[in-house]
Amino acid sequence: NAGVTQTPKFRILKIGQSMTLQCAQDMNHNYMYWYRQDPGMGLKLIYYSVGAGITDKGEVPNGYNVSRSTTEDFPLRLELAAPSQTSVYFCASSYGTGSSTDTQYFGPGTRLTVL
Amino acid sequence: GQQLNQSPQSMFIQEGEDVSMNCTSSSIFNTWLWYKQEPGEGPVLLIALYKAGELTSNGRLTAQFGITRKDSFLNISASIPSDVGIYFCAGPNSGTYKYIFGTGTRLKVLA
């Protein structure tokens, strides 16, 4: 099993450019999440999805969009990149069974720099 | 909203020493998760706690779910150089699957 995979690993964008960060999981998890981690800080939730076709905002959704057309994939889109979006982006997934034993598994991250 | 405060923020210890860190919240959590993040990697789950008072071990790591449900503790015994990393606590925002993460405890082990 590959688990949670993310591409690309690194990217440099110019202000105003757009890009899509890819995330895929092969564990048949219902729930998927996008976080950003700024230097020296914890993780902040951007968006999450409880299943195909369903997405919802997290703590810091401004400047981002998501879609969930399949169970496996959860891409994150930046439409107009800004320097404040320079961060490391992590995708995660979980079963989301509704039980208290649900836990998240993380991808390796995408390092994004906006200049 | 809910916040998780971790202390200490960073620790420098000698190899072989025991380590203790904690995570506190102003509100109740029903699940506590402890993750370790190594440089350039995503967080990896170490221990999950689901009941108040629960004490769970994973090798040299032991974590406890506080009785008040507002705190959790992680202990590492006989530290080794590969324990270096950032340790995060996390828990789901009440009634949701929106996970909140603490700011982390940075651990450095001196050989």
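Every value quoted in this text rests on a predicted model; they were computed, and no experiment measured them.

About the thresholds
Residues numbered from 1 in each chain as written. Chains lettered and ligands numbered in written order. Predicted model: local features only at pLDDT ≥ 70, side-chain atom pairs only at ≥ 80, totals over all residues. Heavy atoms only, no water. Helix = DSSP H or I, 4+ residues; strand = E, 2+ residues; numbered from the N terminus. Contact = heavy atoms within 4.5 Å. Polar contact = N/O pair within 3.5 Å; in protein donor to acceptor, adjacent residues only side chain to side chain. Buried area = accessible area lost by both parts, 1.4 Å probe. Salt bridge = Lys/Arg side-chain N within 4 Å of Asp/Glu carboxyl O. Pairing = 2+ DSSP bridges. Axes fitted to C-alpha atoms, helices over the stretch in contact; angles between N-to-C directions. Core = buried A, V, L, I, M, F, W, Y, C linked by side-chain atoms within 4.5 Å. Buried < 20%, exposed > 50% of the residue type's maximum accessible area, 1.4 Å probe, protein only. 1 Å grid on protein atoms, 1.4 Å probe; cavity = no way out; pocket = protein on both sides within 12 Å on 5 of 7 lines; lining within 4 Å. Points joined across faces, edges and corners; volume = space filled by probe spheres on them.

**Some points on the environment of T110(A)**
All names here are of chain A. In this fold, T110 is placed in strand 11 (residues 110–114). In this structure, the C-alpha to C-alpha distance between T110 and E72, residues 38 residues apart in sequence, is 18 Å. Apart from residues lying up to four places away in sequence, T110 is in contact with Q6, T7, P8, K9, L21, S87, V88 and Y89. At a separation of 2.6 Å, a polar atom in the side chain of T110 contacts the main-chain carbonyl oxygen of P8.

**Some remarks on the interface of chain A and chain B**
The interface is formed by 25 residues belonging to chain A together with 19 residues belonging to chain B. With both sides pooled, the region where chain A packs onto chain B buries about 1,800 Å², and carbon together with sulfur makes up 56% of that total. Put simply, chain A and chain B have zero salt bridges between them. Inspection of the chain A/chain B interface yields two residue pairs in polar contact (both at pLDDT 80 or more). Only strand 4 (31–37) and strand 5 (43–51) of chain A provide two or more residues apiece to the side of chain A that touches chain B.

**Digging into the sheet that holds strand 8 (residues 71–76) of chain B**
Residue and element names in this part refer to chain B. In spatial order, the strands read 1-3-8-7-6; together these five strands make up an open sheet with antiparallel pairing. Where the open sheet ends on each side, the last strands, each with one partner, are strand 1 (4–7) and strand 6 (55–58). On average, each strand axis in the sheet is inclined to that of its neighbour by 15°, with strand direction left out of account. The pairing of strand 6 with strand 7 (residues 61–65) spans four bridges and is classified as antiparallel. Considered in strand 7, the bridge of T56 is made with A63.

**Digging into the nonpolar core**
Judged by nonpolar contacts, the single largest core of 22 residues is most densely connected at W32(B), W34(B), L74(B) and L107(B). Of all the secondary-structure elements, those providing two or more residues to this core are strand 2 (10–14), strand 3 (19–25), strand 4 (32–37), strand 5 (44–49), strand 7, strand 8, strand 9 (85–92) and strand 11 (105–110) of chain B. Here L107(B) is in contact with M11(B), I13(B), V19(B), I76(B), D83(B), V84(B), G85(B) and Y87(B), once residues within four sequence places are set aside. Listed in part, the 20 residues of the second largest apolar core include M19(A), C23(A), Y47(A) and V114(A).

**Some details on the side chain of Q25(A)**
Residue and element names in this part refer to chain A. Looking at the element boundaries, Q25 is found in strand 3 (residues 19–25). With relative accessibility at 3%, the residue Q25 sits in the buried group. Side-chain polar atoms of Q25 contact the backbone nitrogen of M27, separated by 3.0 Å. A polar side-chain atom of Q25 sits 3.0 Å from the main-chain carbonyl oxygen of T71. Every residue in contact with Q25, bar those within four places of it in the chain, is listed here: G3, V4, M32, R68, T71, E72 and S93.

**Things to note about the layout of surface pockets**
Quantified by volume, the second largest pocket comes out at close to 320 Å³. If you trace the second largest pocket, you find 19 residues lining it, with Q37(B), E38(B), P39(B), G40(B) and I86(B) closest to the centre. Elements with a contribution of two residues or more to the lining of the second largest pocket: strand 9 (87–94) of chain A together with strand 9 and strand 11 of chain B. Looking at the lining of the second largest pocket element by element, the count peaks at three residues for strand 11 of chain B.

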